[in-house]
Amino acid sequence: MKIHWLIIGVVLIFVFLTPLMNALMNWIRPLTPEQQEARRLAEEHRRKINLR
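Quick summary incoming for the structure in this document. (Residues numbered from 1 in each chain as written. Predicted model: local features only at pLDDT ≥ 70, side-chain atom pairs only at ≥ 80, totals over all residues. Heavy atoms only, no water.)

Observations concerning the overall build of the chain
As a reminder, the rule being used: Per the convention used, a helix needs a DSSP run of H or I reaching at least four residues, while a strand needs a run of E reaching at least two, with both numbered from the N terminus. Just to be clear, the radius of gyration here is over C-alpha atoms, and the globule rule we use is 2.2 Å times residues to the power 0.38. Accessibility throughout is a Shrake-Rupley quantity obtained with a 1.4 Å probe, and a residue counts as covered only by protein chains that appear here. Residues scored as positive are Lys and Arg, those scored as negative are Asp and Glu, and His as well as the terminal groups of each chain are ignored. Lys charges are placed at NZ, Arg charges at CZ, Asp charges at CG and Glu charges at CD.
Across its full length, the chain carries two helices and zero strands. In terms of overall size, the chain is more extended than a compact globule, its C-alpha atoms giving a radius of gyration of 17 Å where 52 residues would be expected to give roughly 10 Å. Based on the C-alpha atoms only, the size of the chain along its principal axes is roughly 45 × 35 × 10 Å. Of the roughly 5,300 Å² that the chain leaves accessible, carbon and sulfur atoms contribute 71%. Of the charged side chains in the chain, 8 are positive and 4 negative; the average position of the first set lies 10 Å away from that of the second.

As structure tokens, then:
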């Protein structure tokens with residue numbers, strides 16, 4: 001039974017702490033304009049691939 005709680009705890013850590021750490025890192029060190037443009041272009045390419 002203990003292993004179930006361990007698995008649930010690990011899943012919860014990844015589900016909640018990963019986005020939180022991403023937001024914290026973006027707040028501490030914002031992206032440069034070049035990085036923002038690269039993310040925007042990557043998102044456009046993903047949308048084009050998904051539309052096919």
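Some thoughts on the environment of V10
Examined against the element boundaries, V10 turns out to sit in helix α1 (residues 2-28). Residues V10 and K48, 38 residues apart in the sequence, show an inter-C-alpha distance of 34 Å.

A word on the pattern of salt bridges
Put simply, the test is: Here a salt bridge means any side-chain nitrogen of Lys or Arg lying within 4 Å of a carboxyl oxygen belonging to Asp or Glu.
Inspection of the entire model under this criterion finds three salt bridges. With a closest N to O distance of 2.3 Å, E44 and R40 form a salt bridge. One end of the pair, E44, and the other, R40, are both in helix α2 (residues 33-51), four residues apart, so they sit about a helical turn from each other. Look at the salt bridges and you will find they share partners, linking E37, R40 and E44 into a network.

Thoughts on a nonpolar patch on the surface
Here is the rule: Only residues whose relative accessible area exceeds 30% and that form no salt bridge are eligible for patches; like-charged ones are grouped when within 9 Å, while nonpolar side chains (Val, Leu, Ile, Met, Phe, Trp, Tyr) are grouped when within 5 Å. The rule is simple: take the accessible area with a 1.4 Å probe, protein chains only, and divide by the maximum for that residue type; under 20% is buried, over 50% is exposed, in between is partly exposed.
Taken together, the side chains of M1, I3, W5, L6, I7, I8, V10, V11, L12, F14, V15 and F16 make up a nonpolar region of the molecular surface, amounting to roughly 1,300 Å² of accessible area. Here V15 shows up in helix α1. Taking relative accessible area as the criterion, V15 reaches 47% and is therefore assigned partly exposed.

Describing α1
Under the convention used in this document: Any helix carries an expected span of 1.5 Å times its number of residues minus one. Note on bend: the value at a residue is the angle between axes fitted to the seven residues ending there and to the seven starting there.
Its 27 residues place the ends of α1 37 Å apart at the C-alpha level, agreeing with the 39 Å of an ideal helix rising 1.5 Å per residue. The sharpest bend along α1 measures roughly 30 degrees and falls at L17, with the proline P19 sitting one to four residues further on.

Notes on the environment of P19
By secondary structure assignment, the location of P19 is in helix α1. Distance from P19 to L6, taken between C-alpha atoms, is 20 Å for residues 13 residues apart in sequence.

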